[in-house]
Amino acid sequence: MQLIFMGPPGAGKGTQAQLLADLWKIPHISTGDILRACVVAKTPLGEKAKAYMDAGELVPDGLLMDIVQERMNQPDAKAGWILDGFPRTVPQAAFFDTLLCDVPGGGGAKSGKDCALRAVNLDVPDNVLVTRLLSRGRQDDNEQTIRRRLQVYREQTEPLIEFYRDREQLVAVDGDRSMQEVTAQLQQVLSGNS
Ligand SMILES: Nc1ncnc2c1ncn2[C@@H]1O[C@H](COP(=O)(O)OP(=O)(O)OP(=O)(O)O)[C@@H](O)[C@H]1O
Ligand SMILES: Nc1ncnc2c1ncn2[C@@H]1O[C@H](COP(=O)(O)O)[C@@H](O)[C@H]1O
């Protein structure tokens, strides 16, 4: 299984990615989690990324490429993976296409189009997203930063929906239901029984 989880902040990407990764015994790779670990460990990347994350901005593309490449080359990512929060910009998606041709977990793809990957978009209305994020209470879950993250999502990440739809790799799921209902729907559409 090669899955990308898209959708705005608070859509439930991390929640659903972790559930399905446990079920299918493949890694859940969250660039947000990797970056937060770098911030806590005060690595050079963490020091550079922190201000962007605190402001609700995307970390520059160039800082993401190496960590994703390194993670995708780890042995546990050979048989499948769920990427959560990457790619988030068109240049990241183009980079990822190239990377898929090189990493064992790309399944020998000659291009991103070729690959068996599916890009899942979880659709949730903004008012529900804001309520969810305010009650999650992460450091960047304050009203001002949430508004900025939603704006950044619309401007920079939402175009990827068309990018993957054009290639017939998009799977759209209503994320505005209970966690259990969303999981059941994802299992159904991803196992081809929709
Ligand atoms: N279907 C759901 N119904 C209600 N609450 C949910 C649902 N899915 C997730 N949540 C809750 O909403 C919050 C955000 O979920 P989650 O962290 O999975 O979102 P995300 O898309 O990964 O967000 P981000 O991009 O900001 O990391 C969490 O507190 C989670 O428990
Ligand atoms: N793919 C990414 N590109 C740029 N910035 C990213 C990316 N993934 C995560 N970030 C930064 O981390 C925070 C939190 O990410 P979550 O996926 O919401 O946990 C995000 O706001 C970016 O600043």
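Here is what the cut-offs are and how they apply
- Residues numbered from 1 in each chain as written.
- Chains lettered and ligands numbered in written order.
- Predicted model: local features only at pLDDT ≥ 70, side-chain atom pairs only at ≥ 80, totals over all residues.
- Heavy atoms only, no water.
- UniProt positions renumbered as here; feature names shortened; annotations may be inferred.
- Axes fitted to C-alpha atoms, helices over the stretch in contact; angles between N-to-C directions.
- Helix = DSSP H or I, 4+ residues; strand = E, 2+ residues; numbered from the N terminus.
- Parallel < 35°, antiparallel > 145°, perpendicular 65-115°, else oblique.
- Contact = heavy atoms within 4.5 Å.
- Near = heavy atom within 4 Å.
- Polar contact = N/O pair within 3.5 Å; in protein donor to acceptor, adjacent residues only side chain to side chain.
- Areas by Shrake-Rupley, 256 points an atom, 1.4 Å probe, with all protein chains shown as cover.
- Nonpolar A, V, L, I, M, F, W, Y, C, P; charged D, E, K, R; others polar.

Going by what an unreviewed UniProt entry lists, the protein chain is known as Adenylate kinase and is assigned to Microcoleus anatoxicus PTRS2. We quote the UniProt Subunit (unreviewed entry) comment for the protein chain here in full: "Monomer." Recorded in UniProt under Pathway (unreviewed entry), the annotation for the protein chain is "Purine metabolism; AMP biosynthesis via salvage pathway; AMP from ADP: step 1/1."

Some thoughts on the packing of helix α2 (residues 31–40) against helix α4 (residues 61–72)
In a pair of packed helices, the angle between the axes and the distance between the axes together describe the arrangement. The N-to-C vectors of α2 and α4 enclose an angle of 110°; their axes lie 11 Å apart at closest approach. Between α2 and α4, the interaxial angle falls into the category roughly perpendicular. Between α2 and α4, the contacting residues are T31, I34 and L35 on the first element and L64, I67, V68 and R71 on the second.

Thoughts on the site of ligand 2
The local shell around ligand 2 holds 14 residues, among which T31, E57, G85, R88 and Q92 are the closest. V59 places a main-chain nitrogen or oxygen 3.0 Å from a nitrogen atom of ligand 2. Side-chain polar atom of Q92 to a nitrogen atom of ligand 2: 2.9 Å apart, as the coordinates give it. Relative to its unbound accessible area of 470 Å², ligand 2 is 96% covered by the protein chains. Among the elements that make up the shell around ligand 2, the one with the highest residue count is α2 (4 residues). In the shell around ligand 2, the residues fall into 6 nonpolar, 4 polar and 4 charged.

Structural notes on the site of ligand 1
Near ligand 1 you find 17 residues, and of these K13, G14, T15, R136 and R177 are the closest. Measuring from an oxygen atom of ligand 1, one finds a backbone N or O atom of A11 at 3.2 Å. One nitrogen or oxygen atom from the main chain of R177 is found 2.7 Å from a nitrogen atom belonging to ligand 1. Here ligand 1, which alone exposes 630 Å², has 79% of that area covered by the protein. Of the residues belonging to the shell around ligand 1, the class tally is 5 nonpolar, 6 polar and 6 charged.

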